[in-house]
Amino acid sequence: MTDHATDTSPADRGYLTDKGFRSWALTLDHKRIGVLYLFTTLFFFLVGGVIALLMRLELLTPGPSLMNDHTYNVLFTLHGAIMIFLFIIPGIPSGLGNFFIPLLIGARDVAFPRLNLLSYWVFIGGIVVILASLVSPMDTGWTFYTPYSAKTGAAVATLSFGIFLVGMSSILTGLNFIVTTHRLRAPGLTWMRLPLFIWGMYATSIIQVLATPVVGITFLLLAAERLFGVGFFDPAKGGDPLLFQHFFWFYSHPVVYVMILPAMGIISEVIPVFSRKAIFGYRAIAYSSLAIAFIGFLVWGHHMFVSGMSPVAGVIFSFLTFFVAVPTGVKVFNWIATLYRGSITFESPMLYALTFIFLFIIGGLTGPFLGALATNVHLHDTYFVVAHFHYTMMGGTVMGLFAGLHYWFPKMTGRMLNETVAKLAWAVTFVGFNATFFVMFIMGYHGMPRRYAEYLPKYHADNVFATAGSWILAVGVAIMFANFVWGMLRGEKAGANPWRGLTLEWQTPSPPPTENFEEIPTVTDWPYGYGKKVVCR
Amino acid sequence: MNTLALFPDQAARSTGEVDAVFLFIVAVGLFFFFLTQGFLIYFAIRYRRRRGEPEEETPQITENGILEFIWVVIPSLLVLAIFVVGWWGYRDMVRPIPGAMEINVTARQWLWEFTYPDGRKVINELRIPVGKPVKLTMTSTDVLHGFFIPDYRLKQDILPGRYTHLWLQPEKTGTFVIFCSQYCGTGHSAMMANLVVVPPDDFARWQKGPAEGAGGESLAHRGEELVEKSGCLACHSLDGSRKVGPTFKGVFGHQVELEGGSSVVADENYLKESIVEPNAKIVKGYPPVMPTFKGTLSDDDIAAIIAYLKTLK
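Please read these numbers as outputs of a predicted model, since none were measured by experiment.

S.K.: Could you give me a rundown of the overall build of chain A, with the residues and numbers involved?
M.R.: Helix and strand content of chain A: 18 helices and 1 strand. For a compact globule of 537 residues, the expected C-alpha radius of gyration is about 24 Å, and chain A comes in at 23 Å, within 12% of that figure. Along the first, second and third principal axes, the C-alpha set of chain A runs to 65 × 50 × 40 Å. For chain A, contacts bridging at least 24 residues in sequence account for 82% of all contacts bridging at least 6. Surface accessibility of chain A: about 17300 Å² in total, with carbon and sulfur atoms responsible for 71%. Charge separation in chain A, taken as the distance between the mean sites of 31 positive and 24 negative side-chain charges, equals 8 Å.

What follows is the structure, given as structure tokens:
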């Protein structure tokens, strides 16, 4: 966050004015805490990405080449655990959410600034514990399935305690956001005038508060089993391994909506601004976030169709699963309808937002193959699943995060990114992403199981293709991050409202002052009033 | 065989059906794909604003109840259809086939052991006759495993401490790969076996040949010896008469009334539980006095006893 530009007077640096370690480490400013979260989570995105590149490199040949099977197993565990727990879950909510929720609702800070700082340091504490588990690195997969996780020599108890802390931080943040949304909205900002990012974050926070304790308890039970020999999950001690899976997915399924809902919120902000068009179906988009959050709690069993769970339960979970598709589809249809008769420009935030929709449609449409019982039995635990969740999570959430980062970069730093470089990075990332992951659908239908360090030669060509794609993807992301660094140091001055948005964060200087607004604004209209009012029947 | 073919080999019952379900979802998916991406791309191009062009004022269209209704109802009906089709296909995959040859599968880190009714054990090769149904009764000695034959579109996780099942109906001779699909530790990706499907005559000849594995004694026969040796017959009769405990005669596959009013079908899992944890479920009208045989009888022993109980019709 150093500033080399001589033409900037300190007064323009808003919340970034104070320098030094203490001013960051002990800050109560939600914006600074948001920036801390963003730096931390993006760092782990890069770490997880480098691990993924190593895995793809190993898979360039069917047999072992770069590493032995155990090392590969450790890498896919670390890739999953880091990306899920240290990047994608906290990334948008705690990073962009912290920074922008108060700004978007016209508040000076979150409801509990000290709790907010505590969340961050609990998160860091969790990371330290997780790093400590590397003395004997985990090889169980990020899913921790028992009895393997109860038997392996790896530091399962340490890692699960680390994730317990990270989860606690997540609960605190969720609580903070719920209270903030209820109590600190600017005068006149009624629920039906809330920006849709706030609706997405609100639904997310509810899931975090309700679901995270379950996984926390599950990891405590697992630790008790490993450390004290209590038989919760080990059948040799009278436990039940399926119980673990039920607990685990009761949390980890709703949590995929913690990952995707905030990204959907970002898309709902970006699309209207760059098409100069009122959002279409505001209420449908807002309520569908709540519907997704609610239905998301009832479908965890679709991860367990072949686990040995009763087939009747399988049928019920399959039935319920399909109804998550409906509110999700509603959002996509409304975004596309928003473009109709717009005046659309393709700056980098819009490119990423449209890419989100494009890739998320593919991710979404490959879901029913896994929700339908007959095809699930064949596709379960194959690369088809890997492809599906990378299309929803990376093609969806991460593209949404990229859209948000490009969209709000000027607000956060006061500077613009280089638009040409941003577009180049987008093009390379888009090509690389599809080259890496689309072929995995094909591998999967042909039966290549996931989590395989070695594979049969018949899958060789597909794997070479995916590995080549991963390098293109890496180049794209590298260009993007270089642009972030360049923009932070040398970018053109942004001005308060470079995209001419109507939400409240654009009505204050970039970067915003510590108290966000000189005077708390009074809201008289919803934030999507672009264009000319027409009588709509 | 390579992945350029549309589907893997269709080598057993219901593979065609699974592929048909797959194609149905592909059809629905492609419809929505072209519909949504088509509009997305068309609108993006049609309504783009070129550099330097003045911003046109856009109409503030905010809502349309009819459209919202349509795109809730039509997708709901289509996903319902996908659910039903997937359910039907699944029902056919898991439906028991009468008269199936029973083979026990024991998965352990990191190999497969197949035990035939005659006691023959084979490691990492499952040899079955074409056209004849097979019932696999599977358990694990350590962690979770998964039994997966891509060319059969069949998969089932395998758990320690309980039995899971699969019914195979092979329709083609040849050698097919069996993967372990549930991550099980360091050797996971090397845990493969061959499914060798041969003509019935070849299978009969192979069965008469010298046993490769241990045993040579039929599984049910070994079970009979264990039942006598372990003292089971002191309390359980073989002829249907009532002793301290319920009779063994015809117990397998029958509905058992339990204390407390519930009832349960006496399948492999129930019988195993009754041996290692006798007090978990008490048969109505009998005292809870049976000792546990956990540690006394191995998993192999219990599998043999269950095989024997199945013969007591």
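S.K.: Which residues make up the sheet that holds strand β10 (residues 174–180) of chain B, and what values go with them?
M.R.: The strands that make up a sheet are held in pairs by hydrogen bonds between backbone atoms, and each pair lies either parallel or antiparallel. Residue and element names in this part refer to chain B. Pairing is mixed across the open sheet formed by 5 strands, whose spatial order is β5-β11-β10-β7-β8. Two strands close off the open sheet at either side, each with one partner strand: β5 (125–129) and β8 (154–158). In this sheet, adjacent strand axes meet at a mean angle of 20 degrees when their direction is disregarded. Two elements, β10 and strand β11 (residues 192–198), share 6 bridges in a ladder whose sense is antiparallel. Bridging across to β11, Phe 179 finds its partner in Met 192.

S.K.: Describe the UniProt feature "domain: Cytochrome c" (unreviewed entry) in chain B, naming the residues involved and giving the relevant values.
M.R.: Per the UniProt record, "domain: Cytochrome c" (unreviewed entry) is annotated on residues 218–313 of chain B. Counted over residues 218–313 of chain B, helix gives 34% and strand 6%. Its end C-alpha atoms are 18 Å apart.

S.K.: Explain unusual backbone geometry to me, and be specific about the residues and the numbers.
M.R.: A cis amide bond links Thr 146 of chain A to the next residue, Pro 147 of chain A, at an omega of 0 degrees. Geometrically, the link from Gln 109 of chain B to Trp 110 of chain B is a cis peptide bond, its omega value of -5 degrees lying close to zero. With respect to the helices and strands, Trp 110 of chain B occurs in the loop between β2 (101–108) and β3 (111–115). The phi angle at Asn 516 of chain A is positive, at roughly 75 degrees, despite the residue not being glycine.

S.K.: Break down the pairing of β10 of chain B for me, with residues and values.
M.R.: Residues and elements named next belong to chain B. Of all 7 residues in β10, 5 are buried, a share of seventy percent or more. The sheet contact formed by strand β7 (residues 145–149) and β10 spans 2 bridges and is antiparallel. Considered in β10, the bridge of Phe 148 is made with Phe 179.

S.K.: Mind laying out the UniProt feature "domain: Cytochrome oxidase subunit II copper A binding" (unreviewed entry) in chain B, listing which residues take part and the relevant values?
M.R.: Following the UniProt record, the feature "domain: Cytochrome oxidase subunit II copper A binding" (unreviewed entry) maps to residues 98–209 of chain B here. For residues 98–209 of chain B, the helix share is 8%, the strand share is 51%, and the end-to-end C-alpha distance is 27 Å.

S.K.: Give me the nonpolar core: which residues, what numbers.
M.R.: Counting 248 residues, the largest nonpolar core has Trp 112, Leu 126, Phe 147 and Tyr 152 of chain B as the members making the most contacts within it. For this core, the element with the highest residue contribution is helix α3 (residues 69–105) of chain A, accounting for 22 residues. No fewer than three residues from each of domain 1 (7–42 + 64–94) and domain 2 (101–208) of chain B sit in this core. Once residues lying within four places of it in the same chain are set aside, the contact partners of Tyr 152 of chain B are Ala 11, Ala 12, Thr 15, Ile 128, Leu 168, Pro 170, Phe 176, Leu 195 and Val 197 of chain B.

S.K.: So what's going on with the interface of chain A and chain B? Residues and values would help.
M.R.: Listed as interface residues are 96 residues of chain A and, on the opposing side, 81 residues of chain B. Counting the surface chain A buries against chain B, the share from its top three residues, Phe 333, Tyr 445 and His 446 of chain A, is 9%. Linking chain A to chain B there are 2 salt bridges. Summed over the shared surface of chain A and chain B, the number is 24 residue pairs in polar contact (both at pLDDT 80 or more). Considering every element that reaches the side of chain A that touches chain B, the biggest residue donor is helix α12 (residues 325–339) of chain A, with 9 residues. Grouping the constituent residues of the side of chain A that touches chain B by class yields 56 nonpolar, 23 polar and 17 charged. When strand β1 (residues 532–533) of chain A meets strand β1 (residues 59–60) of chain B, the two strands line up parallel, connected through 2 bridges. Looking across to β1 of chain B, one finds that Lys 533 of chain A is bridged to Gln 60 of chain B.

S.K.: Could you give me a rundown of the domain arrangement of chain B, with the residues and numbers involved?
M.R.: We note that the domain assignment places domain 1 (7–42 + 64–94), domain 2 (101–208) and domain 3 (219–310) within chain B. Each of domain 1 of chain B and domain 3 of chain B was reduced to a C-alpha centroid, and the two centroids are 46 Å apart.

S.K.: Which residues make up the side chain of Thr 345 of chain A, and what values do they have?
M.R.: Structurally, Thr 345 of chain A is set in the loop between α12 and α13 (348–365). Not counting residues within four places of it along the chain, the set of residues in contact with Thr 345 of chain A comprises Phe 274 and Met 350 of chain A together with Arg 49 of chain B.

S.K.: Lay out the pairing of β5 of chain B in plain terms, naming residues and giving numbers.
M.R.: Remark: a regular strand shows side chains that alternate across the two faces of the sheet. All names here are of chain B. Across the 5 residues of β5, 4 count as buried, placing the element largely inside the fold. Bridging between β5 and β11 involves 5 bridges; their strand directions are parallel. Across the sheet, Glu 125 pairs through a bridge with Asn 194, a residue of β11.

S.K.: Give a description of the pattern of salt bridges that names residues and reports values.
M.R.: If you walk through the whole model with that rule in mind, you get 22 salt bridges over all chains. Residue Arg 283 of chain A pairs with Glu 63 of chain B through a salt bridge whose shortest N-O separation is 2.9 Å. Taken together, the positions of Arg 283 of chain A in helix α10 (residues 282–295) and Glu 63 of chain B in the loop between β1 and α2 (65–94) put the pair across two chains. We classify Glu 63 of chain B as partly exposed; its relative accessible area is 29%. Among the ionic pairs, Asp 92 of chain B bridges to Arg 95 of chain B, the shortest N-O distance being 3.1 Å.

S.K.: Go over the UniProt feature "domain: Cytochrome oxidase subunit I profile" (unreviewed entry) in chain A, please, and point to the residues and values.
M.R.: UniProt tags residues 24–524 of chain A as "domain: Cytochrome oxidase subunit I profile" (unreviewed entry). A helix fraction of 69% and a strand fraction of 0% characterise residues 24–524 of chain A, whose end C-alpha atoms lie 35 Å from each other.

S.K.: Which residues make up the packing of α3 of chain A against helix α9 (residues 254–275) of chain A, and what are the values?
M.R.: Residue and element names in this part refer to chain A. Taken N-terminus to C-terminus, the directions of α3 and α9 make an angle of 40 degrees; their axes are 9 Å apart at the nearest point. Classified by the angle their axes make, α3 and α9 are oblique. By crossing handedness, the relation of α3 to α9 is classed as left-handed. On the side of α3, the interface is formed by Ile 84, Ile 88, Ile 89, Ile 92, Pro 93 and Leu 96, while α9 contributes Val 255, Val 258, Met 259, Pro 262, Ala 263 and Ile 266. Split by residue class, the contact of α3 with α9 holds 12 nonpolar, no polar and no charged.

S.K.: Outline a nonpolar patch on the surface, supporting the account with residue identities and numerical values.
M.R.: Residues and elements named next belong to chain A. A cluster of nonpolar side chains, contributed by Val 50, Leu 54, Leu 57, Leu 66 and Trp 471, occupies part of the molecular surface with about 420 Å² of accessible area. Examined against the element boundaries, Val 50 turns out to sit in helix α2 (residues 30–58). Of the residues examined, Val 50 reaches a relative accessible area of 48% and is grouped as partly exposed.

S.K.: Can you tell me about the confidence of the model for chain A, naming the residues and giving the values?
M.R.: Chain-level pLDDT for chain A is 93 on average; 97% of the residues reach the 70-or-more range. Contacts of residues 1–8 of chain A to residues separated by more than four positions or lying in other chains number 15 contacts, the stretch itself having pLDDT below 50.

Reading the values: rules and limits
- Residues numbered from 1 in each chain as written.
- Chains lettered and ligands numbered in written order.
- Predicted model: local features only at pLDDT ≥ 70, side-chain atom pairs only at ≥ 80, totals over all residues.
- Heavy atoms only, no water.
- Helix = DSSP H or I, 4+ residues; strand = E, 2+ residues; numbered from the N terminus.
- Rg over C-alpha atoms; globule rule 2.2 N^0.38 Å.
- Contact = heavy atoms within 4.5 Å.
- Areas by Shrake-Rupley, 256 points an atom, 1.4 Å probe, with all protein chains shown as cover.
- Lys, Arg positive; Asp, Glu negative; His and termini not counted.
- Charge placed at Lys NZ, Arg CZ, Asp CG, Glu CD.
- Pairing = 2+ DSSP bridges.
- Axes fitted to C-alpha atoms, helices over the stretch in contact; angles between N-to-C directions.
- UniProt positions renumbered as here; feature names shortened; annotations may be inferred.
- Buried < 20%, exposed > 50% of the residue type's maximum accessible area, 1.4 Å probe, protein only.
- Core = buried A, V, L, I, M, F, W, Y, C linked by side-chain atoms within 4.5 Å.
- Domains from an automatic or database assignment.
- Buried area = accessible area lost by both parts, 1.4 Å probe.
- Salt bridge = Lys/Arg side-chain N within 4 Å of Asp/Glu carboxyl O.
- Polar contact = N/O pair within 3.5 Å; in protein donor to acceptor, adjacent residues only side chain to side chain.
- Nonpolar A, V, L, I, M, F, W, Y, C, P; charged D, E, K, R; others polar.
- Parallel < 35°, antiparallel > 145°, perpendicular 65-115°, else oblique.
- Left-handed = near helix turned anticlockwise from the far one by under 90°.
- Patch = residues over 30% accessible without salt bridge, like charges linked within 9 Å, V, L, I, M, F, W, Y side chains within 5 Å.
- pLDDT = per-residue confidence, 0-100.

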